[in-house]
Structures are given as C-alpha cells and as structure tokens.
Amino acid sequence: MKNSTIILFLFLTLISCAKKESKEEQESCAKGSKGKSFKMYQMSEMSTLMEQMYVDNQRLKARILNGDTIGKFPNHFLKIHRAVMTDSTENDAFFKEQAKLFIKAQELIYQDPKNAKQHFNEGVDACLQCHEVKCGGPISKIKKLYIP
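Which residues make up the overall build of the protein chain, and what values go with them?
Counting secondary structure elements, the protein chain contains five helices and zero strands. Across the protein chain, the fraction of contacts at a sequence separation of at least 24, relative to all contacts at a separation of at least 6, is 63%. For the protein chain, the exposed area adds up to about 10,700 Å²; of that, 58% sits on carbon and sulfur atoms.

This is the structure we're talking about:
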C-alpha cells in the first residue's frame, strides 16, 4: 500500500510538471528569443509571382522534354512589370530590362515551339542574370530549370 501511494504521488507529480512545461513551451514559441512576439514572414507580391513562374516553368520544361504541346503563354507572367517587391528600390532599370528579356524569351517558346528548348533556356538565363545582381538566394533552384 505504501509503495503504491508513493508511485501514485510520483506519477501525479510528473504529470503536473509535464503540463506546466507544455504551457511554458507554448508561451515561448509565441515569443521570439528576446521575449518579442513572433511575426510570420509575408512574401511580397513579386516573390509569390516568381514562385508561381518557377512552378509553371517546371511544368513547361516537362512538356518540352516529353514533346507535348506547349499550350498558351501564361498571361500572369506579365505581372512581373508591376508586382510589388519586398524592396521597391530593386525595381530599377536593370530589373526592368531583365524582366523584358525574360518575357520575350517566354513568349518565343509559345510562338516558336520548334525552338522551345532554346527559348526556354534563354528565359532561364534572364532569370539568372537578374538574380546574380539582385537576389542570389534562388540561383541554385533556377539552374535546375535548364534543359540539357
């Protein structure tokens, strides 16, 4: 009887400690390392667009490699000229020129499907040339789009 009372007491103590730790963990997760509230990262309109263009180009690459029909130019790509960037100063003459080259290469894929591979890779080149100057983070990801 004495042993079971001690075991029960220890068990209840452990359960109550675990609940306190869980509550403390929840509170610490809601705050940053310096006690500030955590704020979710919000992608800019341009970042979201570029993520969508990447996915669209992965699908396009697969269609080109499989010899499937190319389809129609995705008009949402044209938003590249007006999408809001994280840092508005990045939307400079260099970016605008690279965006034009990218759109031209993308349109040529649909206008000249016999040379789709070449035009596709030119579009990837335009992405890389811009990202080498502006935002280098996605370079390795972009390089995976090339069609050998």
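After that view, the rundown keeps rolling.
Help me get a handle on the environment of Met46, residues and values and all.
Mapped onto the fold, Met46 is located in helix H2 (residues 45-66). Relative accessible area serves as the criterion here: at 4%, Met46 is assigned to the buried category. The sequence separation of Met46 and His81 amounts to 35 residues, and the corresponding C-alpha distance is 9.4 Å. Each residue touching Met46, except ones within four places of it in the same chain, is listed here: Ile80, Ala83, Val84, Met85 and Phe95.

So, the nonpolar core: which residues are in play, and what are the values?
Of all hydrophobic cores here, the largest spans 28 residues; its most connected members are Ile64, Ile80, Ile109 and Phe120. Breaking this core down by element, the ones donating at least two residues are H2, helix H3 (93-111), helix H4 (116-133) and helix H5 (139-143). Apart from residues no more than four positions distant in its own chain, Ile80 is found in contact with Met46, Leu49, Met53, Phe95, Ala99, Phe102 and Ile103.

Please give an account of the packing of H2 against H3 that cites residues and values.
Where H2 contacts H3, the two axes come as close as 13 Å, and the packing angle between them is 30°. In terms of their interaxial angle, H2 and H3 are classed as roughly parallel. In this structure, the crossing between H2 and H3 has a hand that is left-handed. Across from Met46, Met50, Met53, Asn57, Leu60, Arg63 and Ile64 in H2, the residues of H3 making contact are Phe95, Phe102, Gln106, Ile109 and Tyr110. Classifying every residue of the contact of H2 with H3 by side-chain character gives nine nonpolar, two polar and one charged.

Give a detailed account of the pattern of salt bridges, specifying residues and quantitative values.
According to the stated counting rule, one finds four salt bridges in the structure shown. Between Arg59 and Asp56 there is a salt bridge; the shortest N-O distance is 3.8 Å. Here the residue Arg59 and the residue Asp56 both occupy positions in helix H2, the gap between them amounting to three residues, near one helical turn. For Lys134, the salt bridge identified is with Glu90, shortest N-O distance 3.4 Å. Note that Lys134 is positioned in the loop between H4 and H5 and Glu90 in the loop between H2 and H3, a separation of 44 residues in sequence. The partly exposed category is assigned to Lys134, whose relative accessible area is 22%. Several salt bridges converge on common partners, so that one network encompasses Glu90, Asp92 and Lys134.

Which residues make up the environment of Lys100, and what are the values?
With respect to the helices, strands and loops of the structure, Lys100 is situated in helix H3. Under the relative-accessibility criterion, Lys100 is labelled exposed at 52%. Measuring from C-alpha to C-alpha, the distance between Lys100 and His81 comes to 8.3 Å, with 19 residues separating the pair along the chain.

Break down the packing of aromatic side chains for me, with residues and values.
As enumerated under the stated definition, the model contains three aromatic pairs in all. Here the aromatic rings of Phe73 and Phe77 are separated by 5.9 Å at their centres, their planes lie at 75°, and the arrangement is edge-to-face. Relative accessible area serves as the criterion here: at 1%, Phe77 is assigned to the buried category. Ring plane angle 20° and centroid distance 5.9 Å describe the contact between Phe77 and Phe102, whose orientation is recorded as stacked. Taken together, the residues Phe77 in the loop between H2 and H3 and Phe102 in helix H3 connect sequence positions 25 residues apart. For Phe102, a relative accessible area of 4% translates into the label buried. Cluster of aromatic residues (ring-pair linked, three or more members): Phe73, Phe77, Phe102 and Tyr110. Above the plane of the ring of Tyr54 lies Lys141, whose end atom (NZ or CZ) is 4.6 Å from the centre.

So, how was this worked out
- The residue numbering used here restarts from 1 in each chain and proceeds along that chain's sequence as written.
- In keeping with the predicted nature of the model, local features appear solely for residues at pLDDT of at least 70, side-chain atom pairs appear and are counted solely at 80 or more, and the whole-chain, interface and lining totals rest on all residues.
- Only heavy atoms go into the side-chain values, all of them from the structure, while hydrogens and water stay out.
- Labels follow the DSSP assignment, with helices taken as runs of H or I lasting at least four residues and strands as runs of E lasting at least two, numbered in each case from the N terminus.
- Whether two residues are in contact is decided by their heavy atoms: any pair within 4.5 Å suffices.
- For the accessible areas, the method is Shrake-Rupley and the probe is 1.4 Å, while residue cover comes only from the protein chains on display.
- Only protein chains enter the area calculation, which uses a 1.4 Å probe; residues under 20% of their type maximum are buried, those over 50% are exposed, and those in between are partly exposed.
- We define the nonpolar core as a collection of buried residues of types Ala, Val, Leu, Ile, Met, Phe, Trp, Tyr and Cys that are connected through side-chain atoms lying within 4.5 Å of one another.
- Every angle, taken between N-to-C directions, lies between 0 and 180 degrees, and every axis is a line fitted to C-alpha atoms, over only the stretch in contact when it is a helix.
- Should an angle fall under 35 degrees it is called roughly parallel, over 145 degrees roughly antiparallel, and 65 to 115 degrees roughly perpendicular, with every other angle called oblique.
- Two helices that cross are described as forming a left-handed crossing if the nearer one is turned anticlockwise from the farther one by less than a right angle, and a right-handed crossing if clockwise.
- Each residue gets one label: Ala, Val, Leu, Ile, Met, Phe, Trp, Tyr, Cys and Pro are nonpolar, Asp, Glu, Lys and Arg are charged, and the others, such as Gly, are polar.
- The working definition used for a salt bridge is a side-chain nitrogen of Lys or Arg within 4 Å of a carboxyl oxygen of Asp or Glu.
- Any Phe, Tyr or Trp ring, taking Trp's six-membered ring, that has another such ring centre within 6.5 Å forms a pair; planes under 30 degrees apart are called stacked, those over 60 apart edge-to-face, and the others tilted.
- Comment: the charge-over-ring label is applied if NZ (Lys) or CZ (Arg) is within 6 Å of the ring centre and within 35 degrees of the ring normal.

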